[in-house]
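Descriptive analysis of the structure
Each chain, written out:
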Amino acid sequence: PYFQPVVSLPDLRIVGVEALIRWVHPTHGIIPPAEFIPEAERSGLVRDIDAATWRQACATVAALDVPLTVTLSVNLSAADLDFPQLAPTIDSCLTSADLPADRLIVEVTETALSQDWNRSRRRLEAVRSLGVRVAVDDFGAGHMYLDRLGTGLFDILKIDRSLVVLTESTDTRSVRLLEGVVSLAHSLGMTVTAEGVETAEQEKRVLDAGCDRAQGYRYGYPMSNADLSTLVAAGG
């Protein structure tokens with residue numbers, strides 16, 4: 001796993017990291033997940049890869065020698081949501097790393113949730129019963145019935161970069177849309193994270209909209225566990 005920082009707004013303090021899977025090939029270097037995850041899904045290896053990533057990520061974050069509490073976010077695929085032993089597997093990762101459950105956040109996209117809502121809800125309820133928090137990832141990029149946000153299942157809403165990187169900064173309708181999504185999430189008791197923040201203008205936009213946290217290249221590129229330890233120890 002590589003790790004990308006998540007910062008709080010407006011103080012820009014590192015409060016979490018998202019674990020992003022990377023294949024470091026001895027000849028071709030870093031191969032992005034878009035190139036190998038589809039094959040992993042076809043071959044049935046994706047769950048094993050995910051579990052190994054979670055285990056390593058939990059161990060890395062648990063070992064961070066810092067006074068602040070950094071949360072860890074990991075991604076769940078549609079295949080993970082189809083796995084009856086999802087909750088026990090996550091529990092095993094937490095136990096082996098001695099990482100408290102409330103420091104783990106599982107992220108699931110609208111696309112994955114739309115494939116079988118009843119099944120997904122059962123799996124996520126089992127994971128949430130461990131004390132793990134659940135986030136809707138890439139909100140605004142897929143399809144999701146809004147009434148599902150009101151089920152109490154989700155703790156965090158991560159706004160897709162398409163709502164952050166607006167084509168026209170003066171487009172008041174787009175700004176109002178972003179503000180509306182944030183307001184809706186807050187009314188449901190959810191924390192809001194803006195994804196894909198790259199510029200000072202975008203940072204101001206999500207801050208003005210009321211986002212609680214932000215993530216993107218402005219705050220750090222995905223990095224190795226060694227680089228993460230150095231960054232966090234230095235206070236970000």
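As shown above, the structure is provided for reference.
All of the points below concern the structure found in this document. (Residues numbered from 1 in each chain as written. Predicted model: local features only at pLDDT ≥ 70, side-chain atom pairs only at ≥ 80, totals over all residues. Heavy atoms only, no water.)

Observations concerning the nonpolar core
- Leu72, Ile90, Leu124, Phe154 and Ile159 are the most contacted members of the largest nonpolar core, which totals 61 residues.
- When residues in this core are grouped by element, the largest group, six residues, is from helix H4 (residues 86–97).
- If sequence neighbours within four positions are ignored, Phe154 has contacts with Leu113, Trp117, Leu124, Val134, Val136, Met144, Arg148, Leu149 and Met190. (Core = buried A, V, L, I, M, F, W, Y, C linked by side-chain atoms within 4.5 Å. Buried < 20%, exposed > 50% of the residue type's maximum accessible area, 1.4 Å probe, protein only. Helix = DSSP H or I, 4+ residues; strand = E, 2+ residues; numbered from the N terminus. Contact = heavy atoms within 4.5 Å.)

With respect to helix H6 (residues 117–128)
- If you check H6, its first and last C-alpha atoms are 16 Å apart, about what 12 residues at 1.5 Å a residue would give, namely 16 Å.
- Along H6, the residues that are buried comprise Trp117, Arg119, Ser120, Arg123, Leu124 and Val127. Buried residues of H6, seen end-on, are gathered within an arc of 160° and therefore sit on one face of the element.
- Those residues of H6 that are buried are in contact with strand E5 (71–76), helix H3 (78–81), H4, strand E6 (104–109), helix H5 (110–115) and strand E7 (133–139). (Expected span 1.5 Å × (residues − 1). Arc of directions from axis to C-beta.)

Here's the deal with the packing of helix H8 (residues 172–187) against helix H9 (residues 200–209)
- One can describe the packing of H8 onto H9 by two numbers: an axis separation of 9 Å at closest approach and a directional angle of 45°. With respect to H9, the element H8 is oriented oblique. Viewed along their axes, H8 and H9 form a crossing whose handedness is right-handed. Facing Leu178, Glu179 and Val182 of H8, the residues of H9 in contact are Arg205, Val206 and Ala209.
- Its residues assigned to classes, the contact of H8 with H9 shows four nonpolar, no polar and two charged. (Axes fitted to C-alpha atoms, helices over the stretch in contact; angles between N-to-C directions. Parallel < 35°, antiparallel > 145°, perpendicular 65-115°, else oblique. Left-handed = near helix turned anticlockwise from the far one by under 90°. Nonpolar A, V, L, I, M, F, W, Y, C, P; charged D, E, K, R; others polar.)

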